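Tertiary structure, described
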Amino acid sequence: MKAAYSPTRLDVKALAQAGDHLEGETPLQECERLLAEMIPSPETAPLIHWRAQGEWRERLGGAGQCWLHVTAQVRLPLVCQRCMGAVEMLLAVDRSFRFVADEATAAREDEESEEDLLVLSPQFDLMGLIEDELLMALPLVPRHEPDCPTPVQLSAQDAGFDEAGAEGRPHPFAALAQLKRKH
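What you see is a predicted model, and the numbers here were worked out from it, not measured in a lab.

This part takes up the overall build of the chain. Across its full length, the chain carries 6 helices and 5 strands. The order of helices and strands in the chain, counted from the N terminus, is α-β-α-β-β-β-α-β-α-α-α. Buried positions account for 30% of the 183 residues belonging to the chain. Here the chain displays about 12,500 Å² of accessible surface, and carbon together with sulfur accounts for 52% of that area.

Now the structure itself:
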């Protein structure tokens, strides 16, 4: 019989020792920080598709290690920083984490290990980890690739702007020229 796991209170060690996985779809409304990054859309809110695979790796001469491989993806409507219109971006995560007993062990082993380390907890918040990873996957500058669907206006100046600036305003050096003539 397959054990029941909760993505918000996950026993990672039990999942890893069983070599089991957990997967699902979570509405974006449950991830407030990620929801704040998207532009409001009249369509239904996107779903985060995710999967977590536990793995227990035996080590020679030592205790086994608890691993968790996490994949997640969501299509998120963001603001294009070039045309300021909506652009749908695919955020995807594919990461593995090794769990250690405590913070001291994590701090000690962090410099030497290539993998990401997390502290083992009997009630690990998998959804919090997935949200963190998706936030880190956000592009620094979201934009349409290769070009925006509408032409980008590169200037905010028009003919009326030029005329308004030229009328009734003296040249900045005209006063200086008059002072120079007096001396």
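There is more to say, and it comes next.
Next up on the list: the side chain of S113. By the secondary structure assignment, S113 is in the loop between α3 (103-110) and β5 (116-119). Here E109 takes part through its backbone oxygen, which lies 3.1 Å from a polar atom of the side chain of S113. A distance of 3.5 Å separates a polar side-chain atom of S113 from the backbone oxygen of E115.

Let us now look at the pattern of salt bridges. Inspection of every chain in the model, using the stated rule, returns 10 salt bridges. The salt bridge partner of E55 is R57, with a shortest N-O separation of 3.1 Å. A relative accessible area of 32% means that R57 is categorised as partly exposed. E88 is the salt-bridge partner of R75, the closest N and O atoms lying 3.9 Å from each other.

This brings us to the packing of aromatic side chains. Aromatic rings in a pair are described by how distant their centres are and how their planes are angled relative to each other. For the structure on display, the rule yields 1 aromatic pair. Pairing F99 with F124 gives two aromatic rings, centres 5.2 Å apart and planes at 90°, and the pair type is edge-to-face. Of this pair, F99 sits in strand β4 (residues 86-100) while F124 sits in the loop between β5 and α4 (126-136); the two residues are 25 residues apart in sequence, bridging distant segments of the chain. Judged by relative accessible area, which is 5%, F99 ranks as buried. Classification of F124 as buried rests on a relative accessible area of 12%. Taking the ring centre of W67 as reference, the NZ or CZ of R57 above it sits at 3.8 Å.

Before going further, it helps to examine the sheet that holds strand β3 (residues 62-79). Strand pairing in a sheet takes place through backbone hydrogen bonds and is either antiparallel or parallel in direction. Reading across the sheet, the 5 strands line up as β1-β2-β3-β4-β5 and stay open at both edges, with mixed pairing between neighbours. Of all the strands in the sheet, just β1 (21-27) and β5 have a single pairing partner and so form its edges. The sheet shows a mean angle of 30° between the axes of neighbouring strands, direction not considered. Strand direction decides the pairing type here: strand β2 (residues 47-59) and β3, joined by 10 bridges, are antiparallel. Looking at the pairing, R51 lines up with T71 of β3. The sheet strands contacting α3 are β4 and β5, and the helix crosses β5 at an angle near 170°.

What follows concerns the pairing of β3. Look at any regular strand and the pattern is simple: side chains alternate between the two faces of the sheet. Linking β2 to β3, which pair antiparallel, is a turn of 2 residues; within it G61 sits at a positive phi near 70°. Between β3 and β4, which pair antiparallel in sequence order, lie 6 residues; one of them, M84, sits at a positive phi of approximately 65°.

This paragraph deals with the nonpolar core. With 35 residues, the main nonpolar core has I48, L126, I130 and L134 as its most contacted residues. For this core, the secondary structure elements donating two or more residues are α1 (12-18), β2, β3, β4 and α4. Among the elements that make up this core, the one with the highest residue count is β3 (7 residues).

Cut-offs used in this document
Residues numbered from 1 in each chain as written. Predicted model: local features only at pLDDT ≥ 70, side-chain atom pairs only at ≥ 80, totals over all residues. Heavy atoms only, no water. Helix = DSSP H or I, 4+ residues; strand = E, 2+ residues; numbered from the N terminus. Buried < 20%, exposed > 50% of the residue type's maximum accessible area, 1.4 Å probe, protein only. Areas by Shrake-Rupley, 256 points an atom, 1.4 Å probe, with all protein chains shown as cover. Polar contact = N/O pair within 3.5 Å; in protein donor to acceptor, adjacent residues only side chain to side chain. Salt bridge = Lys/Arg side-chain N within 4 Å of Asp/Glu carboxyl O. Phe/Tyr/Trp six-rings, centres within 6.5 Å; stacked < 30°, edge-to-face > 60°. Lys NZ or Arg CZ within 6 Å of the ring centre and 35° of its normal. Pairing = 2+ DSSP bridges. Axes fitted to C-alpha atoms, helices over the stretch in contact; angles between N-to-C directions. Contact = heavy atoms within 4.5 Å. Core = buried A, V, L, I, M, F, W, Y, C linked by side-chain atoms within 4.5 Å.

The analysis is restricted to geometry; functional conclusions fall outside its scope.
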